Structures are given as C-alpha cells and as structure tokens.
Amino acid sequence: MNLTFIDWAIVFMVMGGMFYSVSITKGLMKSVSDFLAAGRTAGRYVMSISGGIAGLGAITIVYHLEMGFVSGFALSWWGFSSALILLFITVSGWVVYRFRSTRCLTLPQFFEMRYSRKFRIFTGIVAFVSGIINFGIFPAVGARFFIYFCGLPDSLLGFSTFPLLMIILLSISLYFVYTGGQIAVIIADFFQGVFVNIVFVIMIFFLFFSVGWDQVSEALENTPLKLAQEEIVKLQSDNAFLTLSEIEQDETILEINKRYENSSRINPFKTSHVEDFNFWYFLIGIIGVMYGTMSWQGTQAYNASAKSAHEAKMGGVLAGFRGLPQGLFFLFVPVVIYVFMNHSDYQSVAGAVNATLDGLGSDTLKSQLRGPMVLSHVLPVGLMGCFAAVMFAAFVSTHDTYLHSWGSIFIQDVIMPFRDKPFDKETHLKVLRFSIFGVAIFIFLFSLLFQQNQKIALFFAITGAIFAGGSGAVIIGGLYWKRGTTAAAWTAMSTGALIAVGGIITKQISADWLADSSSLGGIKSVILYLRNINGQMYWGMGMSASALSYICVSLLGKQSSFNMDKLLNRGQYAIDEELKVVNKEPNRGWKIFGMGKEFTRNDKIIYIVNYIWTFSWTIVFIVGTVYNISNDVTNDAWMTFWKYYIFIQIGMALISIIWFTWGGFQDLSIMLKKLKSDERDHSDDGWVSN
C-alpha cells in the first residue's frame, strides 16, 4: 500500500468528522421541504461553500488533472474572456434570483407552473435519464482512483476490490442522504468544503517548492517539439510514407513541425493544435456558462435551499472568491504533473508511473489515472493522507448530492405529476428514499459494466447536453420572456435532446464496422464525420439549435402573455418573509451597479470588491490580447506572467479561506436555529394545483 499508518489515520479522522457533522442534523428534518431544500434556510456562505464542494467530486478532480495535463497554462488565458459574462451573471442574479423567487423545489416544477404538467413530466424524464447516465461513471472513476493512489490490492477478503470499494463508498453517501436529506447533505458538504480548500492550498505550496520554475518552463516549452517528433517517428514506420519521394517526405515532416508550433502549453495564442481542449472548447464553455445557468440538475437542491432570493444571488456573487483555491489547484497541479512525466530530471518518477500505466487495459484509463499515480509518487507522508481524505470527501459530497438530486427528480417530476393528489408526508419521504436507493443501485451496475471510451470532460459534456442542450432556452425564456410558449418549450427540449442522443449513439458504433468500406460507404463516411465531433461540440450545436427553435416557434405561434408577477411572487403576489427591504429607495448610483433595496452595507462592499477584481483581470486580458496580436511574445515573457498570476491567486486563496470559513460558521449557526424553531408548511412539497 502507498499510504502509511499516519496517512490512514488522517483519512479516518476526516471520515469521523464527516459522520459527526451529519449526526448534528438528526431530528431537524420535519417536512418534505426540509428533505428536498433544507427548509430554505441556508445563508450565502454555507450555500457557496457547500454548493462548491457538491459540484467538486472525486471524478471532477480526476478530470481536471486529465484536462490540465493536456492544456497546460495556455488555455487558462481564454477563461479571462468570460469574466464579464460571469460578472453579469452573478451581480444580476441571472436565472438564480428569479428561480428562487418562484419557490419551486425542482426545475421541472417550475416548468409545470410556466408551461404545462405534461412538459414537467417530459423534462423530469429527460433530466433523470441524462443525469443518471452522466452519474453512472462517478463510482468507477472514484474507486479506481483510490485503488491506484492508495495502492490497494486487487482483492480484499476474497472479493474483488473494485466493486467492493464502490459499495462501501456508495453506502456512506446513502447514509448521509437518509439521515437528514438536504439538511444533512448541505451541512456535511460545508465541513468538507472548508477542509478541501485548506488542503488544496497546502498541496500547492508543497508542489511549488518541490519543482523549480525553470524545470516547469523547460518541460512546457519542449512540448511542441516533443509531440512533433513522436508523430514523425510513428510516420517513418508507415509503409505509405516510405513510398514517398525524399522531397515529399521532407515536405510532410515540415508540415508536421509547423502544425505542432501551435500546440503550446505556455502561449495561449499558439494553441490551435491542442487536442480536444482548445480555443473552441473554451468558447463553447463560455457561451454555455450564461445559456446553461442552472440547467444542470446534479446539484438541483441547492437552487431552492437559500433562505431568500437575495441570499441565493449573493451566494452566486461569492462563488468566484470561494472557488479561488480550487481554480488555482486545477491550474497549477496538472502542470506540475506534466513536468514530472516529461522533464529529464524526473525520469525515475515517469518510469515508475508508466510501468503501472502500461498494465492498464485502455488509453482512457491511462489518461484518467496518470495524475493520481504521479501524486502518489511525489507527495510526502501526511500530505498523501490529506489528499486521499480530500478525494474521499469529494467523492461523498458529490455522491450524496447527486443521489439526492436524481432520486428526488424521479419522484417529484416523473411519478408525482401522474397522481391525482399529493403524497402524505410520511409516504412522500419513504418513496424519496426508495428512489435514491434505486439510483445508487443503477450507478453501481453502470460503473461495473460500462466501457468508457473518451475523456471524462467530453463524456460529461455530451451526456449533460441531453438535458442542458435544450433546457437553457426553456429556462431563460420561461423566466424572462412572457411570450415564450409551451410549444416552443417542447420544440427546444426535443431538439437539444435529439442532438445529444445522436452524438452518444455515433460514439458507440463499432470502429471496425465503420472501417469496412465494402458496403454503405457514404453512410459510414457521414457517421465517421459525426463520430469525430467531440462532446463539447455537440453541446454547442444543441444550444444553438434549441435557442433558435424556441424563439422561432414562440414568435410564429399564437400570441399570449404569461402572468410573470404571479410566477415570481412579486407585486400584488409578493410574500412578505421572502423580501427583506433595507432601503426602500436605494441611491440611483447603487442601482446602476445592480444593488437594490435588499442590499446592506456589507453586500455593497462585496459587490464593489467583485467589480474591481473582475474588471482588473478583464483589462489584463484585453491589453494582453491586443499586444499579442501585434507583437511576437516569447515563452519567457509568458512564463513570467503565469508565475506572478499564481502568486496573486495564492494570496487571494488564503484570504478567501479565512473569509468564507468565518462567514460559513455564522450562517450555519443561524441555519440550525431556524430549523429547530421554524414552523413547517407541510403542503410545501412540490405539488402544483391545477
């Protein structure tokens, strides 16, 4: 085993802390809304920390290590281009504020209120099916990480380690959900989130001082030449290449060298040949950030758990600062892993890792496990245990959240709408638990049997697009456009789902059958073309087609005007306890910057800091882009930029940990008091009366 007694002690101490955090929630869950949305009692800091770790599973860490190994520093630059879009989304409360104002417990419940009950059932089915397929590989990736990182044997107590470990980890996640529903999930996730961020920063410090910056520069700078040489060596053993004339061979080799000049891990303006994770990957992601706000339902309970729409909005604003330790980890650590695998000074590490990877059955597994294997060779005693504990916490936090989400959606939006009347409270809670257990059984079997054939991030993109490809248009149109119609919603959702499903099917067609050109050559050529489109591109096509169809069908259909005030509980339909007015007539200058009548002095300070931080990096991006277009910037200059960028991020990450931990514990105290004292409305269970 790779872990020492000290490392295992750390893992079990963290595990014990997680069980303790869940134990304090016993007796607090008294209603269906408590189980589904923590009684709508969560403050901004708890929402931000818990929601962040809920979306950060063990599989997420693995896929970021996998993606960063390919892209290096360079493509992070294009993330700056989304800063203004993210700023608009957060300060305006884009989608999040209006959805929380509806007081819906699930997104399809909102679809029933805005469109129709049949549409709720349809979207509930699409969300559930796409969600559990997407969720299906989570246990497998997490279990494989622990097996290879911890050095676990192939079998334990006579049973294969892989399925046994999945059962143990899923059982812990199920226990957390069963104990207190979303109350237990959100509180456990809060403690896990604080711990994970602290360990991330400690690991960054260790790795930064373990590898010289010159070594980082050398490894990244040599990448284009190394990739070109690998392809040339492979080509020189090809019979077709050997039949070419000497001049044609030289021209082919020259073309390869030119092409790989644009596969830099340092300079973002030379990345057109970076496989999969290139400029277009990030451009589609930037568009998807706005279009797909709240589309993905893996953490859907958090959309309804804030104690008010304003707190949900503030939680979104704070998310950027809360995510600094995670963002820095995903930027820097994969690069260090790349250095260990490619720099001549670390040949012993690369050799040991490659020896293990060579024993794996597929390139997909090798790609996923490369990062964890490197870390298992370079992290010291204690830090090995801390990282294993981080991955355990990340596994449980995402699995309990996703089990809760998909199990709840199945009951709330697929089963319940078929009934003539709502469940009674006890029956409702019982069927929710049965559904969650069913999801756990499905993902265990899926992980055991499914053969993954592409990178995790691309699998996420294409499976997520089954629902998210069309739902963005339906959500935005439903919340912001009173003329959006039910027919348009049906069209947009169907279009997005069909494009994504088509992408999944083409990926599963046998490559051997497609390679046989003796029959159906034309059809196979089309399928091959579609098969080579990655999941991110399918997501982009789904978004475009769905948005266009929603607008066109709404404009061409029968004109109607939906009562948005009633939907959003505003005007004459306003609910007193939902809106806490601080200034009835806020200064116009504050209103211009999105600070309305609910804003306290501290809220305004948070907004101002957010504006300064975002606009500063936007200016850096604009100036840097203009300068690079008109000048040839050296790799040394770019490496200097990345070095100081990391220094700044480390400083802000330390500040955010202290800030959010303090604010989070204050929110947690208020939340527990409210759950102990508040009266429950047992009719608040997601049922929509006709």
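Fair warning: this is a prediction, and the values are worked out from it, not measured in the lab.

Undergrad: I'm lost on the overall build of the protein chain in this one. Help?
TA: Of the regular secondary structure elements, the protein chain holds 32 helices and 2 strands. When burial is assessed residue by residue, the protein chain has 57% of its 690 residues classed as buried. The long-range fraction of contacts in the protein chain, counting pairs at least 24 apart against all pairs at least 6 apart in sequence, stands at 85%. Of the accessible surface of the protein chain, which amounts to about 29,000 Å², a share of 63% is contributed by carbon and sulfur atoms.

Undergrad: I keep staring at the pattern of salt bridges and nothing clicks. Help me out?
TA: Opposite charge on two side chains lets them pair, provided their charged atoms get close. Under the counting rule described, the total for this entry stands at 11 salt bridges. With a shortest N-O distance of 3.8 Å, D684 and R103 are connected by a salt bridge. In this pair, D684 is assigned in the segment after α32 (635–677) and R103 in the loop between α7 (96–102) and α8 (107–114), connecting sequence segments 581 residues apart. For D684, a relative accessible area of 16% gives the class buried. A relative accessible area of 25% means that R103 is categorised as partly exposed. A salt bridge links D678 to K674; the nearest nitrogen and oxygen atoms lie 3.4 Å apart. Here the salt bridges share partners, and the residues they tie into one network are E112, R117, R120 and D413.

Undergrad: Quick question: what am I supposed to make of the nonpolar core here?
TA: The tendency in soluble globular proteins is for nonpolar side chains to be buried side by side. The biggest cluster of nonpolar side chains holds 167 residues, and the ones touching the most others in it are I61, F73, F149, F329, L375 and F387. It is helix α11 (residues 161–210) that contributes the most residues to this core, 25 residues altogether. Grouped together as the second largest cluster of nonpolar side chains are 34 residues, L107, V126, L479 and W539 included.

Undergrad: Got a minute to help me understand helix α1 (residues 5–23) in this structure?
TA: Its 19 residues place the ends of α1 27 Å apart at the C-alpha level, agreeing with the 27 Å of an ideal helix rising 1.5 Å per residue. All of the buried residues along α1 are D7, I10, V11, V14, M15, M18, S21 and V22. Relative to the axis of α1, the buried residues are bounded by an arc of 130 degrees and lie together on one face. Exposed side chains of α1 directed beyond 90 degrees from the buried face belong to F5, I6, M13 and Y20. Where α1 is buried, its residues contact α11 and α22 (383–415).

Undergrad: Can you help me understand unusual backbone geometry in this one?
TA: A negative phi holds for most residues other than glycine; trans holds for most peptide bonds. A positive phi angle, close to 55 degrees, is found at A38, a residue other than glycine. Examined against the element boundaries, A38 turns out to sit in the loop between α2 (32–37) and α3 (44–54). According to the relative accessible area criterion, A38 is buried, its value standing at 0%. We note that R103 has phi near 65 degrees; this positive angle belongs to a residue other than glycine.

Undergrad: In this structure, what is going on with a nonpolar patch on the surface? I would like to understand it.
TA: Among the surface-exposed residues, F437, I441, L445, L448 and L449 lie close enough to one another that they form a single nonpolar patch of about 470 Å² accessible area. Within the element layout of this structure, L448 appears in helix α23 (residues 425–449).

Undergrad: Before we go on, may I ask you to explain the packing of helix α4 (residues 58–71) against α22 in this structure?
TA: When two helices pack together, their arrangement is given by the angle between the helix axes and by the axis-to-axis distance. In contact at an axis separation of 7 Å, α4 and α22 are set at 120 degrees when each is read in the N-to-C sense. In terms of their interaxial angle, α4 and α22 are classed as oblique. Of the residues in α22, those in contact with A58, I61 and V62 of α4 are F387, V390, M391, A394 and F395. For the contact of α4 with α22, the class distribution of residues is 8 nonpolar, no polar and no charged.

Undergrad: Which parts of the structure should I look at to understand the environment of F119?
TA: Its location among the elements puts F119 in helix α9 (residues 117–135). Spatially, the C-alpha atom of F119 lies 9.8 Å from that of D413, the residues being 294 residues apart in sequence. Non-local contacts of F119, meaning those with residues more than four positions away in its chain, are made with F111, V474, A489, W490 and M493.

Undergrad: Sorry if this is basic, but what is going on with the environment of K597 here?
TA: Locating K597 in the fold gives a position in the loop between α30 (588–592) and α31 (601–630). Taking relative accessible area as the criterion, K597 reaches 38% and is therefore assigned partly exposed. When the C-alpha atoms of K597 and K580 are compared, they prove to be 8.3 Å apart, with 17 residues separating the residues in sequence.

Undergrad: Before we go on, may I ask you to explain the packing of aromatic side chains in this structure?
TA: A ring pair, where both rings are aromatic, is described by two values, the distance of the centres and the angle of the planes. Within the structure shown, the criterion is met by 64 aromatic pairs. The side chain of R114 reaches across the aromatic face of F562, ending 4.4 Å from its centre. Positioned above the aromatic ring of F69 is the side chain of R370, whose terminal nitrogen or guanidinium carbon lies 4.3 Å from the ring centre.

Undergrad: Please clarify how the side chain of Q192 should be interpreted in this entry.
TA: On the secondary structure map, Q192 appears in helix α11. On the basis of relative accessibility, which here comes to 2%, the residue Q192 falls in the buried class. Setting aside residues no more than four positions away along its own chain, Q192 makes contact with M18, I53, F176, A393, V396 and S397.

Undergrad: Hey, could you run me through the side chain of Q649 in this one?
TA: Here Q649 lies in helix α32. Taking the relative accessible area as the measure of exposure, Q649 reaches 6% and is therefore buried.

Undergrad: Just to check I follow, could you spell out the environment of M314 for this structure?
TA: Checked against the element boundaries, M314 lands in helix α18 (residues 309–322). According to the relative accessible area criterion, M314 is buried, its value standing at 0%. Distance in space between the C-alpha atoms of M314 and R44 is 5.9 Å, their sequence separation being 270 residues.

Reading the values: the criteria
- Residues numbered from 1 in each chain as written.
- Predicted model: local features only at pLDDT ≥ 70, side-chain atom pairs only at ≥ 80, totals over all residues.
- Heavy atoms only, no water.
- Helix = DSSP H or I, 4+ residues; strand = E, 2+ residues; numbered from the N terminus.
- Buried < 20%, exposed > 50% of the residue type's maximum accessible area, 1.4 Å probe, protein only.
- Contact = heavy atoms within 4.5 Å.
- Areas by Shrake-Rupley, 256 points an atom, 1.4 Å probe, with all protein chains shown as cover.
- Salt bridge = Lys/Arg side-chain N within 4 Å of Asp/Glu carboxyl O.
- Core = buried A, V, L, I, M, F, W, Y, C linked by side-chain atoms within 4.5 Å.
- Expected span 1.5 Å × (residues − 1).
- Arc of directions from axis to C-beta.
- Patch = residues over 30% accessible without salt bridge, like charges linked within 9 Å, V, L, I, M, F, W, Y side chains within 5 Å.
- Axes fitted to C-alpha atoms, helices over the stretch in contact; angles between N-to-C directions.
- Parallel < 35°, antiparallel > 145°, perpendicular 65-115°, else oblique.
- Nonpolar A, V, L, I, M, F, W, Y, C, P; charged D, E, K, R; others polar.
- Phe/Tyr/Trp six-rings, centres within 6.5 Å; stacked < 30°, edge-to-face > 60°.
- Lys NZ or Arg CZ within 6 Å of the ring centre and 35° of its normal.

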